[in-house]
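# Structural overview for review
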Amino acid sequence: MATSAATPTSLSFFSSSLFVSTPSAKLPTRLSISFKTSSKPILSISSQLSTLPILSFTGEKIGETYLDLKSAPLETARAVVHRAIITDLQNKRRGTASTLTRGEVRGGGKKPYPQKKTGRARRGSMRSPLRPGGGVIFGPKPRDWSIKINKKEKRLAISTAFSSAAENTIVVEDFGDKFQKPKTKEFIEALKRWGLDPKQKSMFLMMEVPENVSKSSRNIGTLRILTPRTLNLFDILNCDNLVLTPDTVDYLNGRYGEDYEGDTEDEEEEEEEGGGEEADENADAEQ
């Protein structure tokens, strides 16, 4: 059973050692500095993180692997991740909240009572913002909340978040064929064999999610199972434990590693579809 001695309460980038500039913070093993014509060097950090254990379905250690991802420099990592998460959350807003001004509220055309000799405050309309049922002053109107972020910056934020979560990351062999039928109890037992607390938030990243695995885990409120198409920064930062498969480790090293060459048409479609699915899931977000 591969369990860490001290498990942080959250993988948030605010508490991660990667974003805390203390003398005890461990730097990546490789640091390459590339100079341009400007006087300031541009840092590009590639870190071969601590070795990740590979566990079998029964919880036994059967091997080791590693993540080799790009990471933002320590002095800019918090800003990069913060900008990316704000972009994701803000782009999920529908912006459909709307209120009526006093000119749009129905009624209020007739003066309710004479100007004088009533002893009451003068009033010209019953639809004044000062009256119940009247218009709203400076209320929300439909608007577009979406903001843009560069693809390279967003990719760097995700890889940096994965780097910060490496201490609480394990790799489990492909278990898609281990569940003969949907059974939540069996999935919870598997979590315990892997050293995971079902009460803590865990995120699984799989290339494909079999139907029995999806149905066995969907009743566990603290569990999220994602694919490369639905991968998003919020779930990475919001989970306490991160579980990968050997295939997803290869995908992450290829997608967010130093040897990544650029977007292809398929990858661009994945990013667009992933953002669309996340927007649908959060359709009831705050306006």
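Parameters and conventions
Residues numbered from 1 in each chain as written. Predicted model: local features only at pLDDT ≥ 70, side-chain atom pairs only at ≥ 80, totals over all residues. Heavy atoms only, no water. pLDDT = per-residue confidence, 0-100. Helix = DSSP H or I, 4+ residues; strand = E, 2+ residues; numbered from the N terminus. Contact = heavy atoms within 4.5 Å. Pairing = 2+ DSSP bridges. Axes fitted to C-alpha atoms, helices over the stretch in contact; angles between N-to-C directions. Buried < 20%, exposed > 50% of the residue type's maximum accessible area, 1.4 Å probe, protein only. Polar contact = N/O pair within 3.5 Å; in protein donor to acceptor, adjacent residues only side chain to side chain.

### Examining the confidence of the model for the chain
Of all residues in the chain, 73% have pLDDT values of 70 or greater, and the mean over the chain is 79. When mean pLDDT is compared element by element in the chain, strand E7 (residues 202–205) scores highest at 94, while strand E1 (residues 30–34) scores lowest at 41. With pLDDT under 50 throughout, residues 1–14 is counted as low confidence; its partners more than four residues away or in other chains account for 35 contacts. Taken together, the stretch residues 20–43 has pLDDT below 50 and engages in 24 contacts with residues farther than four places along the chain or on a different chain.

### Looking at the sheet that holds strand E8 (residues 223–226)
Read across the open sheet, the six strands follow the order E4-E3-E6-E9-E7-E8; overall the sheet is mixed. The open sheet is flanked by strand E4 (61–65) and E8, the only strands paired with a single partner. Shown here is a sheet whose adjacent strand axes are inclined to one another by a mean of 25°, direction ignored. Bridge analysis of E7 against E8 gives four bridges, and the strand direction is parallel. Across the sheet, residue Met 203 finds its bridge partner in E8, namely Arg 224.

### A short note on the side chain of Ser 217
Within the element layout of this structure, Ser 217 appears in helix H4 (residues 211–217). By relative accessible area, which is 7% here, Ser 217 ends up buried. A distance of 3.3 Å separates the side chain of Ser 217 from the backbone oxygen of Ser 214, its partner in a polar contact. Aside from chain neighbours lying at most four places away, what touches Ser 217 is Phe 187, Leu 223 and Ile 225.

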